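Chain residues, written in single-letter form:
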Amino acid sequence: MKIAMWSGPRNLSTAMMYAFGNRADFAAWDEPFYAAYLKRSGIDHPMRDEIIARHDADSVSVSAQIAGPVPDGKEHWYMKHMGIHMEDTPLDWAEDCVNVHLIRHPARVIASYAAKRENPSFWDIGFQQQLEIYERFPGPVIDSADIRRDPEGMLRKLCDVIGLEFDPAMLSWQAGPRDFDGVWAAHWYGAVHKSTGFARAEGVLPELSPEAQALCDQAMPIYAELGAKKL
């Protein structure tokens, strides 16, 4: 099984990758198209030059690798994908994947993203791109808030829906980085590197500046549309 887990940034996506990557039967790949996206778009992201230098920046090459055999002799492959990375990138390879869609309330996404990179745009937070991916490759939708509220229950439910046996190894892991982390982990993954499992349920929504709230209001209809389909 090849799982393409689609999300936007700051969306529990790294913890989910750690959960699946902690299984003995899974290989994991962290944002395969990130370097190609940075090279193609010219956008200024933290560690941009190092990411392009250290990772495959050719989307055709990346697509071919995904279409190939699961690496490391594993039975399954978990791939953490960002919808924002896929503009002008062929997606035929995703037809052979189990496509899963991970969502999070936009207020939490925006507050978390802004702490790492100032003044995110609607494009940066990835809601429109995720909707477009879902419309082409529908599949299970899972909300990060539900996972944090009940990790075992939600992961069991997800595994059941996609025809995968649940493994308790998904619920906890050793603190620290993983060998499948992208080089960008040094900037983005501080909290998850300190974790040994999913964080507890989130509290009240964060307060946003007027500009950030306007961005949140723009994203809310898409979050609601996808949320209506969640497990």
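Residues numbered from 1 in each chain as written. Predicted model: local features only at pLDDT ≥ 70, side-chain atom pairs only at ≥ 80, totals over all residues. Heavy atoms only, no water.

Participant: How do you make sense of the sheet that holds strand E1 (residues 2-7) when you look at a structure like this?
Facilitator: Where strands meet in a sheet, backbone hydrogen bonds hold them as pairs that are either parallel or antiparallel. Read from one edge to the other, the open sheet built from five strands follows the order E2-E3-E1-E4-E5, with strand pairing classed as parallel. Edge strands, defined here as strands with exactly one partner in the open sheet, are strand E2 (26-30) and strand E5 (141-143). Mean inter-strand twist for the sheet, computed between neighbouring axes without regard to direction, equals 25 degrees. Relative to E5, strand E4 (residues 98-103) runs parallel, the two sharing three bridges. Of the residues in E5, the one forming a bridge with Leu102 is Ile142. Contacting E1, E2, strand E3 (76-82) and E4, helix H1 (residues 13-21) crosses the sheet at an angle of about 175 degrees to E3. (Pairing = 2+ DSSP bridges. Helix = DSSP H or I, 4+ residues; strand = E, 2+ residues; numbered from the N terminus. Axes fitted to C-alpha atoms, helices over the stretch in contact; angles between N-to-C directions. Contact = heavy atoms within 4.5 Å.)

Participant: Please clarify how unusual backbone geometry should be interpreted in this entry.
Facilitator: Glycine aside, negative phi is the norm for most residues, and most peptide bonds take the trans geometry. Positive phi outside glycine occurs at Arg10, with the angle close to 55 degrees. Of note in this structure, Asp88 is not a glycine but carries a positive phi near 60 degrees.

Participant: I'm lost on helix H4 (residues 59-67) in this one. Help?
Facilitator: Within an α-helix, residues lying three or four positions from one another point in the same direction, as the helix has 3.6 residues per turn. Every buried residue of H4 is listed here: Ser59, Val62, Ser63 and Ile66. Across the axial projection of H4, the buried residues extend over an arc of 100 degrees, all falling on one side. Residues of H4 that are buried sit in contact with E1, E2, helix H2 (34-41) and E3. For H4, the side-chain oxygen to backbone nitrogen distance between the N-cap and Val60 is 3.0 Å, and the N-cap itself is Asp58. (Buried < 20%, exposed > 50% of the residue type's maximum accessible area, 1.4 Å probe, protein only. Arc of directions from axis to C-beta. Polar contact = N/O pair within 3.5 Å; in protein donor to acceptor, adjacent residues only side chain to side chain.)

Participant: I'm lost on the nonpolar core in this one. Help?
Facilitator: As a rule of thumb, nonpolar side chains are buried together in soluble globular proteins. Residues Met16, Phe20, Tyr78, Ile147, Leu158 and Phe198 are the most contacted members of the largest nonpolar core, which totals 41 residues. Mapped by element, the contributors of at least two residues to this core are E1, H1, E2, H2, E4, helix H9 (151-162) and helix H10 (185-188). A per-element tally of this core places H1 first, with six residues. In this structure, Ile147 is in contact with Leu12, Met16, Leu102, Ile142, Met154 and Phe198, ignoring residues within four places of it in sequence. Counting 18 residues, the second largest nonpolar core, distinct from the first, contains Val141, Ala212, Ala219 and Leu226. (Core = buried A, V, L, I, M, F, W, Y, C linked by side-chain atoms within 4.5 Å.)

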